[in-house]
Amino acid sequence: YRIDPERFFADPTIATMAALSGSKADAALDYEVVTGSAPTTPIQKWFFETITVEPGHWNQGRLLRLDPGLGSGEVNTGLVALTRHHDALRLHIEPTPEGLQQVIPGVDAEAPLRVVDLTESSGALADREHAALDPAAGRLFRAILFVGPEANHLLLLAHHLVVDAVSWGIIIEDLATLLSSPVGDRPLPGKSASVLGWARGLQRWSTHAETLADGRFWTDRPSPEAWA
């Protein structure tokens, strides 16, 4: 929805904004499985230009305790559905002659799930799994099912290129829905615009005449050092 910033600050209420934002922005939402490629976003470019030491270590994780009745088959099925719904979890970063691109392949029938039997394993397992994430190898999302004598736990790992703190709440809520619903009856919220659509939109926006004029306005302002 298009919202005029000046009107928003004049009367910042939901009721006012609902009345004023009558026209939707022109964008076709990607409700089906998204595949294809797009340029990296500005923040992704910044990451690869700036983070040159151990870029795979910039990841986040969540450890979930599972219901006792959930086995690896049910968890794998839920994760496949999760990666189908959240296309960014299948994201790869690939080099091209024009620079790095983000690529989303099709949905694999097998989710990136690894099963670890805690009765036969020892050591810093979670640390090793974190270290296995590798943007250069296309590994940006992993799931490890720890099978223990008393309870099973699911460790979800995702690189910061594809998740942030807000994303985790959505991902975990959707996964809980998928794991608690019968197969074939898994209602998830509708998908929004894809990460590839967002990246392509940013690229178009960055070359728009109005955007370039805005940039020149701010870069022509005196620097803070000049005010002293």
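Everything numeric in this text was worked out from a predicted model, so none of it was measured.

(A) Quick peek at the overall build of the chain. The helix and strand tally for the chain stands at nine helices and seven strands. Out of the 228 residues belonging to the chain, those deemed buried represent 32%. Expressed as a percentage of contacts within the chain between residues at least 6 apart in sequence, the contacts between residues at least 24 apart total 69%. A total accessible area of about 14,400 Å² is found for the chain, and carbon and sulfur atoms account for 57% of it.

(B) Looking closely at the side chain of H86. Tracing the backbone shows H86 in the loop between α4 (72–85) and β3 (92–96). Within the local environment of H86, its side chain forms a polar contact with the side chain of D174, the two groups lying 2.7 Å apart. Once you skip the residues sitting within four places of it in the chain, H86 turns out to touch I170 and D174.

(C) Representation of a nonpolar patch on the surface. Together, I3, F8 and F9 make up a nonpolar patch on the protein surface, roughly 330 Å² of accessible area in all. Tracing the chain through its elements places I3 in the segment before α1 (5–10).

(D) Region of the structure containing the sheet that holds strand β1 (residues 36–39). Judged by pairing direction, the sheet is antiparallel, and its three strands sit side by side in the order β1-β4-β3 without closing on themselves. The sheet is open, and its two borders are formed by β1 and β3, each paired with just one other strand. This sheet shows a mean twist of 35° between the axes of neighbouring strands, independent of strand direction. Two strands pair when backbone bridges link them, and β1 and strand β4 (residues 99–104) are joined in this way by four bridges, in the antiparallel orientation. The residue of β4 that forms the bridge with P39 is Q101. Strand contacts of helix α7 (residues 195–206): β1 and β4, with the helix running at about 35° to β1, the strand carrying the most contacts.

About the thresholds
Residues numbered from 1 in each chain as written. Predicted model: local features only at pLDDT ≥ 70, side-chain atom pairs only at ≥ 80, totals over all residues. Heavy atoms only, no water. Helix = DSSP H or I, 4+ residues; strand = E, 2+ residues; numbered from the N terminus. Buried < 20%, exposed > 50% of the residue type's maximum accessible area, 1.4 Å probe, protein only. Contact = heavy atoms within 4.5 Å. Areas by Shrake-Rupley, 256 points an atom, 1.4 Å probe, with all protein chains shown as cover. Polar contact = N/O pair within 3.5 Å; in protein donor to acceptor, adjacent residues only side chain to side chain. Patch = residues over 30% accessible without salt bridge, like charges linked within 9 Å, V, L, I, M, F, W, Y side chains within 5 Å. Salt bridge = Lys/Arg side-chain N within 4 Å of Asp/Glu carboxyl O. Pairing = 2+ DSSP bridges. Axes fitted to C-alpha atoms, helices over the stretch in contact; angles between N-to-C directions.

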